[in-house]
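Here is what each chain is made of, one letter per residue.
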Amino acid sequence: MVGIKTNCFGNESSLSKCTLQEFKESCADATVDCANIKPIRLINGTNRCTGRVEVYHDGEWGTICDDRWGMQEATVACREMNCGAPMSVRYKAFYGRGKDHVWMDDVECTGQEKSLADCPHRGFGEHDCDHHEDAGLVCSDTIKLFNGTDRCSGSLEVFHNGQWGRICDNNWSMKEAKMVCRELNCGDPKKSRETPNFGDNSGLRGYLSTCTGNVSSISECTLQLHQGTCQGVSISCAENSPLRLVNGTDRCSGRVEILHDGQWGTVCDDEWDIRDAQVVCRAADCGTAQASKSSSYFGQGQGTIWLDDVNCFGNESSLLHCRRPNFGENNCGHGEDAGVVCSASIRLINGSDQCSGRVEFSHGGQWVPAYNVNWGMNEAKVVCREMNCGDAVESSVSFGEGEGLPGYKISCSGRENSLSECTLREYVRTNNDRTEEAAVVCSGNVKLVDGHNPCVGRVEFYNKGEWRNVCGDSWDINDATVVCKQLKCGKPHTITSTAEYGIGTGLNSNDQIECNGLETTLTQCPQQTYKDGTCNATSVAGVVCTGSLEVRLANGKDECEGRVEVRHGVTWQTVCDTDWTMSKAGVVCDILECGKAILNSTGAHYGQGIGKVVEASDSCFSNVTSLQQCSSKGFRTASCGHEKDAGVSCAAQLRLVGGSGTCSGRVEIFYKSQWGTVCDDDWGMSNADVVCKQLGCDRAVAAPTSAHFGRGSGPIWLDNVACNGDETALTHCTHPSYGENNCGHGEDAGVICWGALVKPRITLSPSSEVNWGEKVEITCSVVSENTGGTFTLKKYDGSFQMEKFSENEAATFVFAKVDFSQQGSYLCEYHKNLPKAINYPPGDVAELSVTVKLEKPTISASPYVLMISQPDKLSVHQGSSFSITCFIHSSYPGGVFYLKKSNTNVTESKPATLHYYMLYQAVFEFNAIQYSQQGVYMCAYAVNISSMSFSSVPSNPFPINVVSAATTSSVVTAIAVVLVLLLVLLGIAYMVWRRRWQHAGTIVQFINRFGGAIRQDLQDRGNGAYDGKDTNTQVNEQAQSQNSENKIADTNSDYSIEKIPEDLTGKMCYELEPLVI
């Protein structure tokens, strides 16, 4: 059988597509062991090793989504394609959009897998992408590095004449090494005293390379097959760092920027701390991290923010190896760009912090150790100064052995600013030499001075070779938290800013320090110069850390709860619960400024302590002063064991601010002699219930967030509070330490307790008793700290309900025409959403009564008939046509008038007709009235409304007297005679009056019928001035001339008015209008 020799690239879908040659010599049969590998291919690239990545699955080709696509995935894909080293990755369908399936998404390789299918991913066909996100890559098609420690190191292989071969080192030089490193985008070859060796793939053909001229790729060199012994070339490139520091004072400080997808971008400062800075400084070969900077300390960058929420352990070799979201995922702006400050030329290895460890320094482009030969405090001082780590504390200390590399022995005077200024002598350790590398312990750049122990005092900060006081103008609890943490003195107990611990040298730092409390060193905190450039010399920061107190509480939920431990010197001791009373527990709470003691626990409630147990004697626990004195002098040893360790639970005082009363508002806590707020992270109803219960305000009805009651001020004492609702105090709920938060006052928490809710009021207008058909307005109102809610008006029996939303504190419900169905008992309810619904207590009940009130009708006689009117009756002559009219003003139409004759059963009814607006009438006719019809008549009005009858009260009585015609004539004659006599008497009286007036020269002024005088004044008539005299009693004086008297007499005679008597004993008239009674 003829054999076939195949030559495939590896990306063919069938052997038939490979180069096939007949092989006539004898050969062994080829075998294959297939793994569960999905074939891949590269489409639309410029050569076989570039393009859009596609994978073959379930009989069809599909693309890969670019989520999480990076160089590790490219390394696997290039290897699987039998291509060279990965050069770059491509996103966003760089090589065009694919079709049909997106087979893979969220692929995460380590770089060591044999196939992309072996890398973790969502599962074939599971994705949240489309073909706009198809992934691509660029592999080298000519060279690759094999068996290296990273992508920029390994044994060199070249692709020549359709197959991979190795380069022999016979005539290899640094020139070719630089060319290959740069072709791989790996910078320059590493400087090393030893030649790298990554093994030799002896199964490959060996080639000799000859590169002449300005060639940039090994493919441009002449390659000649080498038949002799071939030692393959190994290369270790420095790799172009994907990280740089920008805008700093030297190459080892500045804004952190990383290179991704061919673009430089920044890192957001969320969760940025000294551990992240340690990784950056190590990756940048810049020594030890001295500070992590935030808030664009080195200026704002440009372009993409590649990383956010970076969370390093500190021992990673790259930021990309730290826990973080995907590239480009962030919620930041460039005002949050992160930065670092590294030590640059010196570093401390394997220490407990950045200010302790073995000493290494940069010399001749390499890091070399300092050896402990004549090493002392002078040398340590220089190291601590150069590291900006304060004073040297220890020089004879060991932090483990180094690698034994050649180094230097150093001699300093102690005044130098850098080890490079000291005398250096090369030192090579022999095999039997046990000399260790030099090490130091520095004080750090913060210390507390002039206090009674190292954990209390004035704050001094070391920078640029000198100690200065920290200015107290902006000193707060967050800054103090960082200082106590850095000094390993616990947490801040109280802070001061009034030079309570002196002013020292009087030199204050002019930098304003603004910590958020999460930093581990003061150097990490943002700093900026005060606006006026200086700090008040008498404003000096100070702090009392909990490590300096005479008592502490251990193993509780926070520093205000736990096992009681008292300090004597530097030794902490527990307290026996014998005679442990609430008052003694209160002394502990007082000294810790934790509020009031609410529980004095016994029997090691908070676990058993260690060390000595002391008595809870009255002499030591009677007050704060006695406890402080015993801490200094010593406590009396107790006879009990740790199973009787005493404990205490303190509760901070609470208040609610900004609400409608003491039972609603922003939650504030009094701690360390200062009121502060609570952050709304994890704030809920169970937390609010505890607050309301602690304040005696019943249960909670709402737990508002986002500063619902306005922003507070001062510290934010609590965050992430988690109550189960059974606690007796808010501070007993689970929470981080006091002052630890990541909030602003825009997140202040609040509560509304049941005791704060006032039931709504109800008012009825015009009154609680109204007429049927009237307009009725029912108003519901409530007193609330925040307006905007829903009022509900409902009947007590539940037969009626109406809702209305109001932005104000009241809502009015209108019944345009009330009827009997709407009478009853009403009440108001009120609720609002914050966002949870708050239901206020129901209001009081108000009764609405609907009635029909009819006015009293009026009665009259008509038409024009001759009648005699007397005070008590009306007389009508017999046989006259006569009618009685009933009137009423009413808003109820469709009624009936009833005319009833008293003392009889005679009643007549007639429908009421509309006479005028709301005036109804009915006319009852009497044709040829007879004596039998005389009597007393009354009207009544009745109406039927909603199947119920209503009747008015009767009108006033209307008496009718029937008389004969002769009687009427005699009466008329008598009246006429009386009138004539009256006229004669009036004429005589007038003449007498006129004659007396003319001869007496006086004017008599009559009073008109309305009781007022009618004024006669010639001067008024002639527009003359009024003399002010009373004209009702005025009598003119003797006239100066007879002509004047005559003029006055003539004038007054024209304007005199007589008073006509109106007191006739009766009147006779022809009625021109109906007579109404």
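For the structure itself, consult the block above.
Residues numbered from 1 in each chain as written. Predicted model: local features only at pLDDT ≥ 70, side-chain atom pairs only at ≥ 80, totals over all residues. Heavy atoms only, no water.

*Asks:* Quick question: what am I supposed to make of the overall build of the chain here?
*Replies:* Summing up its helical and strand segments, the chain has twelve helices and 67 strands in all. Taken across its 1077 residues, the chain has 46% of its residues classed as buried. Contacts in the chain between residues at least 24 apart in sequence constitute 68% of all its contacts with a sequence separation of at least 6. Working note: accessible area of the chain is about 54800 Å², and carbon and sulfur atoms make up 48% of it. (Helix = DSSP H or I, 4+ residues; strand = E, 2+ residues; numbered from the N terminus. Buried < 20%, exposed > 50% of the residue type's maximum accessible area, 1.4 Å probe, protein only. Contact = heavy atoms within 4.5 Å. Areas by Shrake-Rupley, 256 points an atom, 1.4 Å probe, with all protein chains shown as cover.)

*Asks:* Help me understand the nonpolar core in this model?
*Replies:* Soluble globular proteins tend to bury their nonpolar side chains together. If you look at the biggest cluster of nonpolar residues, it comprises 57 residues, and the most contacted ones within it are Trp580, Phe621, Val648, Trp683 and Leu730. At six residues, the largest contribution of residues to this core is made by helix α6 (residues 582-592). The residues contacting phenylalanine 621, other than those within four sequence positions of it, are Val566, Val575, Trp580, Lys584, Val587, Val588, Glu615, Ala616, Ser626, Leu627 and Phe635. Judged by nonpolar contacts, the second largest core, of 54 residues, contains Val701, Ile752, Val782 and Val850. (Core = buried A, V, L, I, M, F, W, Y, C linked by side-chain atoms within 4.5 Å.)

*Asks:* Whenever I open this one, the side chain of serine 539 confuses me. Can you help?
*Replies:* When you line up the elements, serine 539 lands in the loop between β33 (527-529) and β34 (542-545). Those residues in contact with serine 539 that sit more than four places away from it in its chain are Val470, Cys471, Gly472, Asp473, Ser497 and Asn508.

*Asks:* Looking at this structure, how should I read the pattern of salt bridges?
*Replies:* Pairing is possible between side chains of opposite charge, provided their charged atoms come close. Evaluation of the coordinates by the stated rule reveals 27 salt bridges. A salt bridge links arginine 275 to aspartate 273, with the shortest nitrogen-to-oxygen separation between them at 2.9 Å. With a relative accessible area of 14%, aspartate 273 lands in the buried category. For arginine 358, the salt bridge goes to glutamate 437, with nearest N and O atoms at 3.1 Å. Taken together, the residues span a long stretch of sequence, with arginine 358 in strand β22 (residues 356-363) and glutamate 437 in the loop between β26 (423-427) and β27 (439-442) at a distance of 79 residues. According to the relative accessible area criterion, arginine 358 is buried, its value standing at 8%. (Salt bridge = Lys/Arg side-chain N within 4 Å of Asp/Glu carboxyl O.)

*Asks:* Explain the environment of isoleucine 477 here, please?
*Replies:* Of note, isoleucine 477 is situated in helix α5 (residues 477-486). You can call isoleucine 477 buried: its relative accessible area is 11%. What isoleucine 477 contacts, discounting residues up to four positions off in sequence, is Pro492, Ile495, Pro715 and Trp717.

*Asks:* Looking at this structure, how should I read helix α3 (residues 274-283)?
*Replies:* Along an α-helix, a turn takes 3.6 residues, which lines up residues three or four apart on a common side. Of the residues making up α3, those classed as buried are Ile274, Asp276, Ala277, Val279, Val280 and Cys281. At its buried positions, α3 is contacted by β15 (243-247), β16 (253-260), β18 (289-293) and β20 (339-342).

*Asks:* Honestly, the sheet that holds strand β49 (residues 776-781) in this entry has me stumped. Any pointers?
*Replies:* Within the open sheet, the three strands sit side by side as β47-β49-β52. Their pairing is antiparallel. Strand pairing shows two members of the sheet lacking a second neighbour, β47 (761-765) and β52 (810-815), which therefore form its edges. Strand-to-strand twist in this sheet, taken as the mean axis angle between neighbours without regard to direction, amounts to 20°. The pairing of β49 with β52 spans six bridges and is classified as antiparallel. Bridge pairing links threonine 779 to threonine 812 in β52. (Pairing = 2+ DSSP bridges. Axes fitted to C-alpha atoms, helices over the stretch in contact; angles between N-to-C directions.)

*Asks:* Would you mind going over the pairing of strand β59 (residues 882-889) with me for this structure?
*Replies:* For a regular strand, side chains alternate in direction, first toward one face of the sheet and then toward the other. Burial analysis of β59 places six of its eight residues in the buried class, which makes it a mostly covered element. One ladder, built from five bridges, connects strand β56 (residues 858-862) with β59; its direction is antiparallel. Each residue of the ladder has a partner; that of alanine 861, found in β59, is isoleucine 884. Here β59 pairs with strand β63 (residues 919-926) via eight bridges, running antiparallel. Following the sheet pairing, phenylalanine 887 is matched in β63 by glutamine 921.

*Asks:* Would you mind going over the packing of α6 against helix α8 (residues 624-633) with me for this structure?
*Replies:* The relative placement of two packed helices comes down to the angle between their axes together with the axis-to-axis distance. Closest axis-to-axis distance for the α6/α8 pair is 9 Å, and the angle between their directions is 85°. In terms of their interaxial angle, α6 and α8 are classed as roughly perpendicular. Between α6 and α8, the residues in contact are Val587, Asp590 and Ile591 and Val624, Leu627 and Gln628, respectively. Looking at the contact of α6 with α8 residue by residue, the class counts come to four nonpolar, one polar and one charged. (Parallel < 35°, antiparallel > 145°, perpendicular 65-115°, else oblique. Nonpolar A, V, L, I, M, F, W, Y, C, P; charged D, E, K, R; others polar.)

*Asks:* Mind showing me how you'd approach the side chain of glutamate 360 here?
*Replies:* Along the chain, glutamate 360 falls in strand β22. Those residues in contact with glutamate 360 that sit more than four places away from it in its chain are Ile346, Arg347, Ile349, Trp367, Val368, Pro369 and Glu437.

*Asks:* Just checking my understanding: could you explain the packing of aromatic side chains for this structure?
*Replies:* Any pair of aromatic rings gets described here by the distance separating the centres and the angle formed by the planes. Throughout the structure, instances matching the rule amount to 23 aromatic pairs. On the basis of an interplanar angle of 65° and a centroid distance of 5.1 Å, the ring pair of phenylalanine 159 and tryptophan 164 is categorised as edge-to-face. For the pair phenylalanine 159 and tryptophan 164, a shared accessibility class is recorded, and that class is buried. An aromatic cluster is built from Trp580, Phe621 and Phe635, whose rings are joined through pairwise contacts. Over the face of the ring belonging to phenylalanine 159 we find arginine 48, whose NZ or CZ atom lies 4.5 Å from the ring centre. Just above the ring of tryptophan 467 sits the side chain of lysine 447; from NZ or CZ to the centre is 4.3 Å. (Phe/Tyr/Trp six-rings, centres within 6.5 Å; stacked < 30°, edge-to-face > 60°. Lys NZ or Arg CZ within 6 Å of the ring centre and 35° of its normal.)

None of this, on its own, says anything about what the molecule does.
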